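# A closer look at the structure
Here is how the chains run, residue by residue.
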Amino acid sequence: MSASVLISGAGIGGSTLAYWLGRNGFDVTVVERAAGQRSSGNPIDVRGAAWRVVEEMGVLPELRAAATHVDRLTFVDAAGRRKASMRTAGGRGAASGEVELARAELAAILLESAEGQARMFWGDSISGLEQDESGVDVTFEHAAPARFDYVVGADGLHSTVRRLVFGAERDFVRHMGMYVATLPVDRTFGGDREVVMYNEPGRSVSVHPAGGKPLAAFMFRAAAVPDYDYRDTAQHKRLVLDAFDGRTGIFGDLLDQVRAAGDLYFDSVSRVSLPRWTAGRVTLLGDAGSSLSLFGDGSSLAIAGAHTLAAELTRTPGDPGAALYRYEQRQRELSKPALRGFRTAGALIVPASRVAIALRDTAIRVLPQR
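To keep things clear, this report deals only with the structure shown in the data block.

Calculation notes
Residues numbered from 1 in each chain as written. Predicted model: local features only at pLDDT ≥ 70, side-chain atom pairs only at ≥ 80, totals over all residues. Heavy atoms only, no water. Salt bridge = Lys/Arg side-chain N within 4 Å of Asp/Glu carboxyl O. Buried < 20%, exposed > 50% of the residue type's maximum accessible area, 1.4 Å probe, protein only. Helix = DSSP H or I, 4+ residues; strand = E, 2+ residues; numbered from the N terminus. Pairing = 2+ DSSP bridges. Axes fitted to C-alpha atoms, helices over the stretch in contact; angles between N-to-C directions. Expected span 1.5 Å × (residues − 1). Arc of directions from axis to C-beta. Contact = heavy atoms within 4.5 Å. Parallel < 35°, antiparallel > 145°, perpendicular 65-115°, else oblique. Left-handed = near helix turned anticlockwise from the far one by under 90°. Nonpolar A, V, L, I, M, F, W, Y, C, P; charged D, E, K, R; others polar.

In this section: the pattern of salt bridges. Within the structure shown, the criterion is met by 19 salt bridges. Residue Glu169 pairs with Arg162 through a salt bridge whose shortest N-O separation is 3.8 Å. On the accessibility criterion, Arg162 (1% relative accessible area) is buried. A salt bridge links Arg332 to Glu328; the shortest N-O distance between them is 3.0 Å. Placement of both Arg332 and Glu328 in helix H9 (residues 320-335) is noted, with a separation of 4 residues, approximately one turn of the helix. Classification of Glu328 by relative accessible area gives buried; the value is 7%.

Here is the structure:
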């Protein structure tokens, strides 16, 4: 009888894990709180160790077709005049072993691969976990209770599995002084291969062409909001509107789209850090266990981690402790370099003062670009 695995979260990491576990003969169930996939979220890169994983999955043609091909980031003033412009990695193309595509596109491609390998339950969530040496008893908000050999929390920054097994979010998630909101918008502001960005001190608003499905991003520096609720869309809209009222330059009309948005992604840029990701037969994957959201390589790390986890569980199915230990050690080593770039990226994209904005623009104009 094949080992059973419950995955909480049908995002990038959860879908990749479902594919590989199903392919390796496991009995896989995926539960996802959302009723369906969202269309917002920053465009992201697939590269490094993740590239080899998606190549083995056979989805490179789909990734290439969905690639944004963006090759330039342009900074403008309030009137839309170009102040500085820099090349980006996205224009190198899939032949380089790296591709940028919209998060929703990547998630949909990976989910389609996973659906043939797992049972999918949408609009539900885990409400309780009790485990012993031989398995995990799981209760759900809606579905009947069930027992699994393993449970994996691939449910992101605000992981339910992490809270139930390891403790309160406040013990492991640290706000890094910035918030970000993204939403689909009705037009681009530059060429079809150009991101256009406007800055005020501590604020950034940009539009990414995203392969014909433009996405706006609002980023702003702020201390942690005391009553912040990551599920309260009305609160998120108020925070964006308050932060950017009169501070959007040529993007002023986008605030009306924020007010009307039905699919607004909003969250804190946060660092997740736990002393361990595994307890018994429960483990964490992706942002649930380790991340610096937004400015890290979170999606690529989740894809690579899913492949590693599936490989280790397959390698020693009768020794879950050893399998999960090896997975965690391998993935922690891979994650270290990706968590170092927050300060540099933040200074580039959201300079804190007018002087910092001017220095950034001057440096881009003067310094040679590859």
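So much for the structure itself; the text now carries on.
What follows deals with the pairing of strand E12 (residues 173-184). In terms of strand pairing, E12 meets strand E16 (residues 265-273) through 8 bridges, oriented antiparallel. Bridged to Thr182 within E16 is Tyr265.

The next thing to look at is the sheet that holds strand E10 (residues 146-148). Overall, antiparallel pairing links the 3 strands, which are arranged E8-E9-E10 in an open sheet. At either margin of the open sheet sits one strand with a lone partner, and together these are strand E8 (126-132) and E10. With strand direction ignored, the average angle separating the axes of adjacent strands in the sheet is 25°.

Taking 1.5 Å of rise per residue, the 13 residues of helix H11 (residues 354-366) would be expected to cover 18 Å, and the 18 Å separating its terminal C-alpha atoms lies within 8% of that figure. The complete set of buried residues in H11 reads Ile357, Arg360, Asp361 and Ile364. Buried residues along H11 cover an arc of 95° about the axis, so they all sit on one side. Facing away from the buried side of H11 by more than 90 degrees, the exposed set consists of Val355, Leu359 and Val366.

In this section: the sheet that holds strand E11 (residues 150-153). A sheet is described by the order of its strands in space; here 6 strands give the open sequence E7-E2-E1-E11-E18-E17, paired in mixed fashion. Of all strands in the sheet, those with a lone pairing partner are strand E7 (119-122) and strand E17 (278-279), marking the two edges. Across 3 bridges, the pairing between E11 and strand E18 (residues 282-284) is parallel. The residue bridging Val152 from the neighbouring strand is Thr283, located in E18.

Of note in the backbone geometry, His69 takes a positive phi value of approximately 65° without being a glycine. For His69, the position within the fold is in the loop between helix H3 (60-66) and strand E4 (72-76). We classify His69 as partly exposed; its relative accessible area is 38%. In this model, Ala210 sits at a positive phi of 50°, which is unusual for a non-glycine residue. Residue placement: Ala210 occurs in the loop between strand E14 (203-208) and strand E15 (215-221). According to the relative accessible area criterion, Ala210 is buried, its value standing at 7%.

Okay, the side chain of Thr308 next. Along the chain, the position of Thr308 falls in helix H8 (residues 298-315). Discounting chain neighbours no more than four positions away, the residues touching Thr308 are Tyr327, Arg330 and Gln331.

A few words now on the packing of helix H2 (residues 49-57) against H8. With their axes 8 Å apart at the nearest point, H2 and H8 run at an angle of 60° to one another. By the angle class used here, H2 and H8 are oblique. Two packed elements cross with a definite hand, and for H2 against H8 that hand is left-handed. Contacts between H2 and H8 involve Ala49, Ala50, Val53, Val54 and Glu56 from the first element and Ser300, Ile303, Ala304 and His307 from the second. Counted by class, the contact of H2 with H8 contains 6 nonpolar, 2 polar and 1 charged residues.

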